[in-house]
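In case you want the letters, here they are:
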Amino acid sequence: MQLVNEAICVYNRSNLTLIANSDLGVWLQTGDPNLTPLCDPQIQWDPSSQRWLYVILECAFGLDKFLYGWSKTPDPSQLATGWCNFSVSTPGVLSDYPKLGHRRKDMPVGTNNYSDADQTTVITAQITWMRTPDPGVTSCTAPVVKHAGSAAAPLKNGDGSTPTSTPVPVNTSTSAANGYVISAYDPSGPPATPQHKLAVFHLDSVGI
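Residues numbered from 1 in each chain as written. Predicted model: local features only at pLDDT ≥ 70, side-chain atom pairs only at ≥ 80, totals over all residues. Heavy atoms only, no water.

Below, the discussion takes up the side chain of Asn 113. Its place among the elements puts Asn 113 in strand E9 (residues 106-115). In contact with Asn 113, other than residues within four places in its own chain, are Val 93, Leu 94, Ser 95, Thr 121, Val 122, Ile 123, Thr 124 and Gln 126. (Helix = DSSP H or I, 4+ residues; strand = E, 2+ residues; numbered from the N terminus. Contact = heavy atoms within 4.5 Å.)

Encoded structure:
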């Protein structure tokens, strides 16, 4: 699998020949791809749900949404009919730089949230997670979406300073229900001096 800002491609594992490809806007049925800017795509194989997972940002202030979903089966080549596509609304913010992860039963996504009103400052890092289907389930039922981190309750660094930056989920290949997300101190501060630390968030079946 290869996912870039403008296209998705599926290759044969044995000889790397191209099996299927599509413009992202056509694949995701967002309409005219030139009118819906898409960026920061990520895709991963999830051994727990036995399918491919993806996340893509609608990368313009005011759109306030990112896209996610998964292949219905382990075979990702049926681009027109073989995928479940959903979106997460993020009113008032651009959920920039999404980082995709996977763990048993769900897919966490870390973002840096910029306000539509002030497009230069991160107001909070955010962790979003959605339950993934069990192996063999091919229906497209939108899951419940959960969040941690908001302008009112931003995610903090280990020393209590805010905001933390760029949360990255740790991929889990075991059956453990718990998982972790790591993030860095924002280099623009606070604190004012450089930090050589990571913040670690524990993600269990309930949340952060």
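Moving on to the side chain of Arg 51. Mapping Arg 51 onto the fold places it in strand E5 (residues 51-58). It turns out Arg 51 is buried and unbridged, and the closest side chain with the opposite charge, Asp 46, is 6.3 Å from it. Within the structure, Arg 51 has its side chain in polar contact with the backbone oxygen of Asp 134 (distance 2.8 Å). Polar side-chain contacts of Arg 51 include one of 3.1 Å to the backbone oxygen of Val 137. Ignoring any residue separated from it by four or fewer positions in sequence, one finds Arg 51 in contact with Gln 44, Trp 45, Asp 46, Trp 70, Ser 71, Lys 72, Thr 73, Pro 133, Asp 134, Pro 135, Gly 136 and Val 137. (Buried < 20%, exposed > 50% of the residue type's maximum accessible area, 1.4 Å probe, protein only. Lys, Arg positive; Asp, Glu negative; His and termini not counted. Salt bridge = Lys/Arg side-chain N within 4 Å of Asp/Glu carboxyl O. Polar contact = N/O pair within 3.5 Å; in protein donor to acceptor, adjacent residues only side chain to side chain.)

As a further point, take the sheet that holds strand E4 (residues 38-46). Pairing in this open sheet of four strands is antiparallel, and the strands run E4-E5-E6-E7 from one edge to the other. Edge positions in the open sheet fall to E4 and strand E7 (83-89), since each of these has one partner strand only. Adjacent strand axes in the sheet meet at a mean angle of 15°, parallel and antiparallel pairs treated alike. One ladder, built from five bridges, connects E5 with strand E6 (residues 65-71); its direction is antiparallel. By the bridge assignment, Leu 57 is partnered in E6 with Phe 66. (Pairing = 2+ DSSP bridges. Axes fitted to C-alpha atoms, helices over the stretch in contact; angles between N-to-C directions.)

A separate point is unusual backbone geometry. Its identity is not glycine, yet Asp 40 carries a phi of approximately 55°, on the positive side. Within the secondary structure, Asp 40 sits in strand E4. The backbone phi angle of Gln 50 is positive, close to 55°, even though this residue is not glycine. With respect to the helices and strands, Gln 50 occurs in the loop between E4 and E5.

Let us now look at the state of the cysteines. On inspection of all chains with the given rule, the structure shows one disulfide. Disulfide partner of Cys 84: Cys 140, at an S-S distance of 2.0 Å. Between Cys 84 and Cys 140, the S-S dihedral sits near -80°, and the bridge is therefore left-handed. Of the two residues, Cys 84 is situated in strand E7 and Cys 140 in the loop between strand E10 (122-131) and strand E11 (145-148); the sequence distance between them amounts to 56 residues. No disulfide involves Cys 9; its sulfur sits 18 Å from that of Cys 39, the nearest cysteine. Judged by relative accessible area, which is 14%, Cys 9 ranks as buried. (Disulfide = S-S within 2.5 Å.)

Our focus in this paragraph is the pattern of salt bridges. Under the definition given, this model contains three salt bridges. In this structure, the salt-bridge partner of Glu 58 is Lys 65, at a minimum N-O distance of 3.9 Å. Note on Glu 58: relative accessible area 6%, which makes it buried. The partner of Arg 103 in a salt bridge is Asp 106, and the shortest N-O contact between them spans 2.7 Å.

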